[in-house]
Amino acid sequence: MAVWGKGDARWIVEEREDAKNVNNWHWSEADATISSKKFFKDKFMELTATGTDGSVRVSEVTTCTGEASVNNRKGKVIYFFEWNIVLKWAGKTAMSNDNITGKVEIENISEENTAAEVDISTRQTKEGAEHAILHAMVKTQLVPRCRKVIEEYIEFLQVTHGKKVVLPTKKGDGINGQPTKPKTTSVNALKKKMDETVLSSDKKKTVFYIEHDPVGLTYKYICRIFAIYFPK
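Scope of this entry: the structure provided in the associated data block.

Conventions we followed
Residues numbered from 1 in each chain as written. Predicted model: local features only at pLDDT ≥ 70, side-chain atom pairs only at ≥ 80, totals over all residues. Heavy atoms only, no water. Helix = DSSP H or I, 4+ residues; strand = E, 2+ residues; numbered from the N terminus. Buried < 20%, exposed > 50% of the residue type's maximum accessible area, 1.4 Å probe, protein only. Contact = heavy atoms within 4.5 Å. Areas by Shrake-Rupley, 256 points an atom, 1.4 Å probe, with all protein chains shown as cover. Polar contact = N/O pair within 3.5 Å; in protein donor to acceptor, adjacent residues only side chain to side chain. Core = buried A, V, L, I, M, F, W, Y, C linked by side-chain atoms within 4.5 Å. Expected span 1.5 Å × (residues − 1). Arc of directions from axis to C-beta. Pairing = 2+ DSSP bridges.

Right, let's talk about the overall build of the protein for a bit. The helix and strand inventory of the protein stands at four helices and six strands. From first element to last, N terminus to C terminus, the protein shows the α and β order β-α-β-β-β-β-β-α-α-α. Of all 232 residues assigned to the protein, the portion counted as buried reaches 32%. If you take every contact in the protein between residues at least 6 apart in sequence, the share linking residues at least 24 apart comes to 62%. Counting every atom, the protein has about 16700 Å² of accessible surface; 54% of that belongs to carbon and sulfur.

Along the chain, the position of S35 falls in helix α1 (residues 33-44). Relative accessible area serves as the criterion here: at 25%, S35 is assigned to the partly exposed category. Engagement of the side chain of S35 in a polar contact is seen with the backbone oxygen of A32, the distance being 3.3 Å.

Moving on to the nonpolar core. Within soluble globular proteins, side chains that are nonpolar generally end up buried alongside one another. Residues F40, F44, F81, I85, L87, I106 and Y153 are the most contacted members of the largest nonpolar core, which totals 38 residues. Put simply, the parts of the chain that give this core at least two residues each are α1, β3 (54-73), β4 (76-93), β5 (100-110) and α2 (129-165). The greatest single-element share of this core, amounting to 12 residues, is contributed by α2.

Let us look at the environment of H131. Relative to the assigned elements, H131 resides in helix α2. For the pair H131 and T93, spaced 38 residues apart in the sequence, the C-alpha separation amounts to 8.6 Å. Every residue in contact with H131, bar those within four places of it in the chain, is listed here: W89, I100, Q124 and K126.

For N108, which is not a glycine, the phi torsion comes out positive at approximately 60 degrees. Counting through the fold element by element, N108 comes out in strand β5. Taking the relative accessible area as the measure of exposure, N108 reaches 34% and is therefore partly exposed.

The next thing to look at is α1. Given 3.6 residues to a turn, an α-helix orients residues that are three or four positions apart in the same direction. The terminal C-alpha atoms of α1 lie 16 Å apart, and with 12 residues this matches the ideal 16 Å at 1.5 Å per residue to within 8%. Three or more residues of α1 are buried, namely T33, S36, F39, F40 and F44. For α1, the angular spread of the buried residues around the axis is 115 degrees, confining them to a single face. Of the exposed residues in α1, the ones pointing more than 90 degrees away from its buried face are I34, K38 and K41.

Right, let's get into the environment of T63. If you trace the backbone, T63 turns up in strand β3. On the basis of relative accessibility, which here comes to 28%, the residue T63 falls in the partly exposed class. The spacing of T63 and L87 is 24 residues in sequence and 7.0 Å in space, taken between C-alpha atoms. If sequence neighbours within four positions are ignored, T63 has contacts with N84, I85 and V86.

Another aspect to go through is the side chain of T93. Its location among the elements puts T93 in strand β4. T93 has contacts with D53, G54, I100, E130 and L134, leaving out every residue within four places of it along the chain.

In the sheet, β4 pairs with β5 via nine bridges, with the strands oriented antiparallel. By the bridge assignment, L87 is partnered in β5 with V104. Counting the residues in the hairpin turn of β4 and β5 gives six residues.

Shown next as structure tokens:
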């Protein structure tokens with residue numbers, strides 16, 4: 001047993017002065033919902049797109065529903081989140097000063113999907129040549145920037161909230177402000193890997209045929225005939 005005050009290395013409680021979650025071994029959790037909503041609002045409101053035909057920007061974060069949490073287990077940061085976001089875009093063309101608007105819908109932002117796999121759809125409020133011009137700018141410029149924000153969101157959870165659940169130890173372990181790139185294995189990637197495994201296993205399957213004589217069975221009942229056809 002460790003001896004108190006002798007500097008014994010086995011006395012691991014001394015790794016933390018407050019003896020709280022020694023070596024970050026126990027499960028700890030921090031809610032990241034409120035800060036995530038602020039992150040999305042700040043980042044999406046900065047997005048703009050310009051060109052020779054006009055300019056467009058995100059004018060409002062109309063809807064931001066979902067939740068997020070960051071957890072620690074044995075010094076590793078684990079995060080869970082799911083979001084659905086609707087943005088309103090507005091802009092003007094070089095031909096007119098009319099305010100043209102539309103929407104960007106971002107669905108199923110979660111830890112199961114990479115930024116490239118998130119569904120993003122766009123639409124314009126009205127039909128017309130000028131609306132179509134700005135709508136094309138939204139698809140070619142704003143949508144890729146929306147995916148970039150989603151990538152930055154992962155690092156935001158890892159660094160900002162990782163510090164709250166992974167406490168620094170005497171050895172200096174923990175989140176040090178440098179983002180650790182998470183291993184994002186999407187559901188689609190897992191399905192693809194499983195399909196490849198099944199296909200490869202089918203190729204290796206070998207069928208053997210064994211010669212054998214036919215087998216027949218005969219049942220003999222020692223009873224009267226009415227006992228079989230007319231049971232009690």
